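Breakdown of the fold
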Number of protein chains: 2
Amino acid sequence: MGDKKGILLISDGLGDRPVKELGGKTPLEYAKTPTLDRLVESGMAGLVHPYKAGTRCGTDWGHLSLFGYDPMEFYTGRGSIEAYSAGLTLQEGDVAFRGNFATIDDDYCVIDRRAGRISDPEEIRALVAEVNGMEIDGYKLLLKPLTQHRVAVVIRGAGLGGRLPDTDPGTACEGSKMVNPAAETNWKGTAEDRKTAEMLWKFLEEINRIWKKSPINAKRVAEGKLPANTILTRGSGKAMVPPPFTDTYPGAKVAVIAGDETITGIGRMCGFDGYCRDTFTGGFTTDYLGKAKMAMELLPNYDLVIVHVKGTDLCGHDNLPLEKVRIIEAVDSMFAYWLEQEGSENWYFAMTADHSTPCCRRDHSADPVPSFMAGPDVRTDSVKEYGERACSEGIIDQYTGAQLMATMMDYLWLSKKYGA
Amino acid sequence: MGDKKGILLISDGLGDRPVKELGGKTPLEYAKTPTLDRLVESGMAGLVHPYKAGTRCGTDWGHLSLFGYDPMEFYTGRGSIEAYSAGLTLQEGDVAFRGNFATIDDDYCVIDRRAGRISDPEEIRALVAEVNGMEIDGYKLLLKPLTQHRVAVVIRGAGLGGRLPDTDPGTACEGSKMVNPAAETNWKGTAEDRKTAEMLWKFLEEINRIWKKSPINAKRVAEGKLPANTILTRGSGKAMVPPPFTDTYPGAKVAVIAGDETITGIGRMCGFDGYCRDTFTGGFTTDYLGKAKMAMELLPNYDLVIVHVKGTDLCGHDNLPLEKVRIIEAVDSMFAYWLEQEGSENWYFAMTADHSTPCCRRDHSADPVPSFMAGPDVRTDSVKEYGERACSEGIIDQYTGAQLMATMMDYLWLSKKYGA
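Now for a look at the structure at hand. (Residues numbered from 1 in each chain as written. Chains lettered and ligands numbered in written order. Predicted model: local features only at pLDDT ≥ 70, side-chain atom pairs only at ≥ 80, totals over all residues. Heavy atoms only, no water.)

Describing the relation of the copies chain A and chain B
Least-squares fitting of chain A to chain B yields an RMSD of 0.2 Å, with the transformation described by 0.1 Å of translation along the axis and a rotation of 120 degrees. The relationship between the two copies is best expressed as a three-fold rotation axis. Among all residues of chain A, the one whose C-alpha sits closest to the rotation axis is E393 of chain A, at a distance of 3.9 Å. Take the interface residues of chain A: only 9% of them recur as interface residues in chain B, which is what a contact between different surfaces looks like. (Least-squares fit on C-alpha atoms with pLDDT ≥ 70 in both. Contact = heavy atoms within 4.5 Å.)

What follows is the structure in structure tokens.
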């Protein structure tokens, strides 16, 4: 850990396009953000490309980029991300899947894709305990529950492949049979993929055998609920095991605060510590002040605290520009809180986003994201307010997310020198 | 050689951050630079990333980048750089080391890491002549003196490796034994690295045998001085042999003027001609007008003359903003001299830096460097003065060092056309 302190706020999907009902302004331009404007004026701003100019990022891809990585080199899909989100630490060679607890009949026909929306943590814990860590033919099964009916599934062992069909027959397919990828012939897979399909099915058969007899399911059935007697898998992929952040920034200690487990999971994948609290919802309304206060509690033990706010993205997806304005103003108040703290004049502040989610698009876009960095010796440019138009004239305009992170780490004196 | 002429001044570590005692201006913004401002106004400016945005460059890495190269592809450390600085031309497969003449006792314990700061060029030349070019087991030793007690060391032969421990036991280790890397077991090396360690030690044993009996050392001892009876090596690395500059810019003839041998060495590595003079110190005070005049003498024979000034970097390292201002003003006078010369209205002028060295940081930073290019048909932008803030709005803002060089070579009509 170094001597300097930084706070980076990632406002998911922050960037937007001109909105008619806001008089042609973007939500960020329309919002009253006196604190953010002051920071922008005192530092340097720019429209940042989370990955690269013209690339439309998903949340995971965008965050990995902002954290300084090139996902193109190792991204394998959501299976790995959910495993990290659940708290599993993957090893090179593991294969990860997204899973649902589900209900099937004796012929493996799907009765309910979510096992009657099973959600009781006690029930889930007990079921998982009955099968977790199971070993077959030298391969090991790892399960870790996620929210509600979701579960991360990992197979560990030698010579596995990551590309196999989903056992889940699909979202609207109740009544269809679960797919046994080992029996299917109409997919192209390597020998390693085939081996993995075979092992996955062996594990799923064993799980079904055990769970059919589980007292938890007997109790559920007695209560008129559907039993959870299988796991439907999808999104298979070889484990993502990127080099730790400290390979690039030796000694750096980073914390991530988020309501959304995906974000803390991505942080853990990079070697950050992830923090959440029940009041952090990852939704439209979250405990903004709670997040700001937690950042203050963590700051003494970290070089950089990253705070994630999800609401701005949700407003983009739902085309709610005024709600997006409201959330941006709540974020402004978080910075106001931080600037009131003793010693804050020595800290570095930055704000950016993992991608734009323009309200009119109702989805992520490739538009670069308004960003800034401020702090004691940060360079100043001519940008005086925080908004998409204004930022385009700043010093960090056209930076990539990884370059913004590199700049932050450089101001925190945690960058390596290339050459001598 | 083409018809057009260019002068590029590299002001080492020029870029800075706002300095309180300069009223929040950077040294470049604070300095009175009427000539540079005039050139900036007549041409195009920008904050340039010597390597890439967010990367903190060492001097060698920054210069290789400015010269159009990607050091990531071939950089192996200071051993090679010093060999070129000494005037050696490396071949693919050579291994180079930084060396010190030193004094050891009969048990190879270090008595003095600098052989009593030996510096008499005659003595050094004679000692080197006694062992230079020595061959053992088909391998060859090449030595070339550098300034003071320093010497470049190269081993040439088949199947050598570049990663071995230093024989120098360390900066504060007088009394410790020289490290024999061939006898050490606690380092991981390839068979090639091990072979190189073995050969290096054979050469060092032979050098010690010869120098113990050298009349030069007998004379030194008689005068009460310490004998130079070994070479302590460090910074081993396979030879950097980048493709010549003319591979990218066919026919281009480039000269480099510098007081610092590292810079002329890097230039030679790229196929440039290096020029120095005793009055060019590479220090706080140098012969600015002498450098400017030498550039004029060389210009008829070159397409591009690169002039290096070191002082700005030293001021950053020592936190001397006002001294940095003074040196920048001296650089302004160099351009004033050039603009007075007959024909200068047809020449292209540019200025940049290998990295920023902010006074407050006392070290290199990743901040991009204020840069400009001017000349008869160079595009104009809105930037009217030379400074960090102003440059961020210019045409070449966000260029990399290699792109700036490419642009310079393009204005000199020396660029290749890609495609037809």
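After presenting the structure, the write-up continues.
Observations regarding the packing of aromatic side chains
Inspection of the entire model under this criterion finds 33 aromatic pairs over all chains. Ring centres of F245 of chain B and Y249 of chain B lie 4.8 Å apart, and the angle between their planes is 45 degrees; this geometry places the pair in the tilted category. Both residues of the pair, F245 of chain B and Y249 of chain B, belong to the buried class. Put simply, the rings of F335, W338, W347, F349, F372 and Y386 of chain A pair up and form one aromatic cluster. Over the face of the ring belonging to W187 of chain B we find R194 of chain B, whose NZ or CZ atom lies 4.2 Å from the ring centre. (Phe/Tyr/Trp six-rings, centres within 6.5 Å; stacked < 30°, edge-to-face > 60°. Buried < 20%, exposed > 50% of the residue type's maximum accessible area, 1.4 Å probe, protein only. Lys NZ or Arg CZ within 6 Å of the ring centre and 35° of its normal.)

Some points on the interface of chain A and chain B
Between chain A and chain B, the contact holds 23 residues from the first and 32 residues from the second. Here chain A packs against chain B, burying approximately 2,200 Å² in sum over the two surfaces, 48% of which is carbon and sulfur. When residues of chain A are sorted by the area they lose upon contact with chain B, R379, Y418 and A420 of chain A head the list and together hold 31% of the total. In this assembly, chain A and chain B are joined by five salt bridges. A salt bridge links D410 of chain A to R17 of chain B; the shortest N-O distance between them is 3.8 Å. At the boundary of chain A and chain B, one finds 18 residue pairs in polar contact (both at pLDDT 80 or more). Mapped by element, the contributors of at least two residues to the side of chain A that touches chain B are α14 (401-411) and β14 (417-418) of chain A. Among the elements that make up the side of chain A that touches chain B, the one with the highest residue count is α14 of chain A (five residues). Partitioned by chemical class, the residues of the side of chain A that touches chain B number nine nonpolar, seven polar and seven charged. Across two bridges, β14 of chain A lies against strand β3 (residues 56-57) of chain B in parallel orientation. By the bridge assignment, Y418 of chain A is partnered in β3 of chain B with C57 of chain B. (Buried area = accessible area lost by both parts, 1.4 Å probe. Salt bridge = Lys/Arg side-chain N within 4 Å of Asp/Glu carboxyl O. Polar contact = N/O pair within 3.5 Å; in protein donor to acceptor, adjacent residues only side chain to side chain. Helix = DSSP H or I, 4+ residues; strand = E, 2+ residues; numbered from the N terminus. Nonpolar A, V, L, I, M, F, W, Y, C, P; charged D, E, K, R; others polar. Pairing = 2+ DSSP bridges.)

What to know about unusual backbone geometry
The backbone of D137 of chain A sits at a positive phi, close to 50 degrees, despite the residue not being glycine. Summarising the element assignment, D137 of chain A is placed in the loop between β5 (135-136) and β6 (139-145). At W413 of chain B, a residue that is not glycine, the phi angle is positive and equals roughly 60 degrees. As for its placement among the helices and strands, W413 of chain B is situated in the segment after α14 (401-411). In this structure W413 of chain B comes out as exposed when scored by relative accessible area, which is 66%.

Some words on the nonpolar core
Counting residues in each nonpolar core, the largest one holds 194 residues, and the members touching the most others are W338 of chain A together with W338 of chain B. In this structure, W338 of chain A is in contact with I7, L9, A292, A295, M296, V307, S344, W347 and F349 of chain A, ignoring residues within four places of it in sequence. (Core = buried A, V, L, I, M, F, W, Y, C linked by side-chain atoms within 4.5 Å.)

So, the pairing of strand β2 (residues 44-48) of chain B
All names here are of chain B. Judged by how many residues are buried, β2 sits mostly within the fold: five of five residues are covered. Residues M44, G46 and V48 of β2 are buried on one face, and the alternating residues A45 and L47, pointing to the opposite face, are buried as well. Of the pairings in the sheet, the one linking β2 to strand β14 (residues 369-374) comprises five bridges and is antiparallel in character. Among the inter-strand pairings, A45 is bridged to a residue of β14, identified as F372.

Things to note about the pattern of salt bridges
A side chain of one charge can pair with a side chain of the opposite charge if their charged atoms are brought near each other. Here the structure, examined in full by the defined rule, presents 51 salt bridges over all chains. Here D313 of chain B makes a salt bridge to K310 of chain B, at a shortest N to O gap of 3.5 Å. There is no split in this pair, since D313 of chain B and K310 of chain B are both buried. Salt bridges linked by common partners bring D377, D410 and K417 of chain A together with R17, R56, R361, D363 and D367 of chain B together as one network.

What about the sheet that holds strand β13 (residues 369-374) of chain A?
Residues and elements named next belong to chain A. An order of β2-β13-β12-β1-β11-β9-β10 is seen for the seven strands of this open sheet, with the pairing classed as mixed. The open sheet has two free edges, formed respectively by β2 (44-48) and β10 (273-275), since each of these has just one partner strand. With direction set aside, neighbouring strand axes in the sheet form an average angle of 15 degrees. When strand β1 (residues 6-11) meets strand β12 (residues 348-352), the two strands line up parallel, connected through five bridges. Bridging across to β12, I7 finds its partner in F349. Seen against the sheet, helix α2 (residues 34-42) touches β2, β12 and β13 and runs at an angle of roughly 70 degrees to β13. (Axes fitted to C-alpha atoms, helices over the stretch in contact; angles between N-to-C directions.)

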